[in-house]
Amino acid sequence: MLTGTLNERPEFCVEMLDDMRPYQDLRLPRVFAFALLVTSLLVCPGLAQAQFDEGGEQQLVQLINQERTSQGLPPLTVDRRLTQAARKHTELMVEHKALSHQFDGEPTMEIRFADENLPSDRQAENVGFSDDVISAHNALMNSAGHRANILNSNYNVVGVAVIRSGHHVYVTEDFAHRPVEYSEPEADAVLQRAIDDYAKAHGTAPARKPQSRLRQMACTMALNDALDNKKPAEIPGVQEVAVWTTFAPGKLPNSVKGLLAHPLSSGYSLGACFAPSVSHPGGVYWVVMIVY
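Before going into details, it helps to say that this report is about the structure given with it. From a predicted model like this one, the values you see are computed outputs, not experimental measurements. (Residues numbered from 1 in each chain as written. Predicted model: local features only at pLDDT ≥ 70, side-chain atom pairs only at ≥ 80, totals over all residues. Heavy atoms only, no water.)

### Describing helix H4 (residues 133–141)
Okay, step 1: If you check which residues of H4 are buried, you get Val133, Ala136, His137, Ala139, Leu140 and Met141.
Okay, step 2: For H4, the capping residue at the N-terminal end is Asp132, with a side-chain oxygen 3.2 Å from the backbone nitrogen of Ile134. (Buried < 20%, exposed > 50% of the residue type's maximum accessible area, 1.4 Å probe, protein only. Helix = DSSP H or I, 4+ residues; strand = E, 2+ residues; numbered from the N terminus. Polar contact = N/O pair within 3.5 Å; in protein donor to acceptor, adjacent residues only side chain to side chain.)

Below, the structure is given as C-alpha cells:
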C-alpha cells in the first residue's frame, strides 16, 4: 500500500494485502487499515443501524495528539470542515461495506476537502475497520504508512469520523496543512508589507501605483490554471513582470526579491486573487506584479 501527501511522492509501502481474509474470519479482534492511494477494497460486515460515535471521534483525536506530543510534535487542531469530509467518506464506507479512499463517483480526497471550503496545501487520509476505537488506533500506529500520517509535522489540522455499525467501527482520519486564511484585503496588506520590508532591507522604497486590471488578470490565471506574464506585459510602460502562486502571501519568491533588490524608480503595481483551479481545488493566491 502506498501513502503520501500532495507535495510528495508516496514513500511508504505497507504489505497488508496478503493478510486479508473474508468476513467470516474476522471474528478475532483484528484490524485492517488502508493508507492513502490504496485501490483494493475490503468487504466488511453487513450494515447495522449506523450512527456517528462523537465520543469515539473525540477519543481518537486525543490518541492522535498524545502520539504527536510524545514525539515532541504540536497537537493537531480539529477543523470541522475536515470532520465533515471524514464523516461523508465514512458514510460511504458503511454504505459500500468496504474500505477505500475513493469509491466510484466519489471525488478525490483533495477535492473532497475543497468541497468543504477548506484551503490546504497538503493532505493525507487513514481509514480502518475494527472492534473499537483503541484497537483501530493501535493498528494504524503499527503500520508505517499510517503512523507517518499521524506523526507528520507538516499537518496542523485533523478531522476524524467514527461510525459504529453493529459491534464494529469504521474510522476515517483526515489530515491537512491549513494555511493562514485571509480575506483578500488582508492578503493584499500582508503581501504589501512583505514587499515594503524586503525593499527597505535593501535600501529602496519603491512606490506602489494603482492598477485595477491586475486583479482580474490574476483571477483569469486561476480560471485558466496557468501563470501568464504576457498579458500584464501589454500594459503601457511595463518593464518587468512577475507572476506566481502562493499559500503564504507574506513569503516572496526569488524572482520578486531580485526585482526589489534594485531601485524601482518608476514604481510598481500589484494584483492578487484567491481562487480555486484544477491544480489547486482548495484555492491559492494568484499574484501579478509589474514594474514600470
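Back to the write-up after that little detour.
### Regarding the sheet that holds strand S12 (residues 268–275)
Okay, step 1: Here we have three strands laid out as an open sheet, ordered S11-S13-S12, and antiparallel in their pairing. With partners counted over all chains shown, the strands left at the sheet margins are strand S11 (240–246) and S12, one partner each. This sheet shows a mean twist of 10° between the axes of neighbouring strands, independent of strand direction.
Okay, step 2: As defined by bridge partners, S11 adjoins strand S13 (residues 284–291) across seven bridges and the pair is classed as antiparallel. Bridge pairing in S13 links Thr246 to Tyr285.
Okay, step 3: Set on the sheet, helix H6 (residues 184–201) makes contact with S11, S12 and S13; between it and S12 the angle comes to about 140°.
Okay, step 4: Across the sheet, helix H7 (residues 213–224) touches S11, S12 and S13, and the angle it forms with S12 is around 40°. (Pairing = 2+ DSSP bridges. Axes fitted to C-alpha atoms, helices over the stretch in contact; angles between N-to-C directions. Contact = heavy atoms within 4.5 Å.)

### So, the pattern of salt bridges
Close approach of charged atoms allows side chains of opposite charge to pair.
Okay, step 1: Under the counting rule described, the total for this entry stands at twelve salt bridges.
Okay, step 2: Here Asp79 ties to Arg81 by a salt bridge, and the two come within 2.9 Å at their closest N and O atoms.
Okay, step 3: Judged by relative accessible area, which is 22%, Arg81 ranks as partly exposed.
Okay, step 4: Across the salt bridge formed by Glu106 and Arg112, the nearest N and O atoms sit 3.3 Å from each other. Across the pair, Arg112 and Glu106 agree in class, each one buried.
Okay, step 5: Through salt bridges with shared partners, a single ionic network connects Asp79, Arg81, Arg178 and Glu181. (Salt bridge = Lys/Arg side-chain N within 4 Å of Asp/Glu carboxyl O.)

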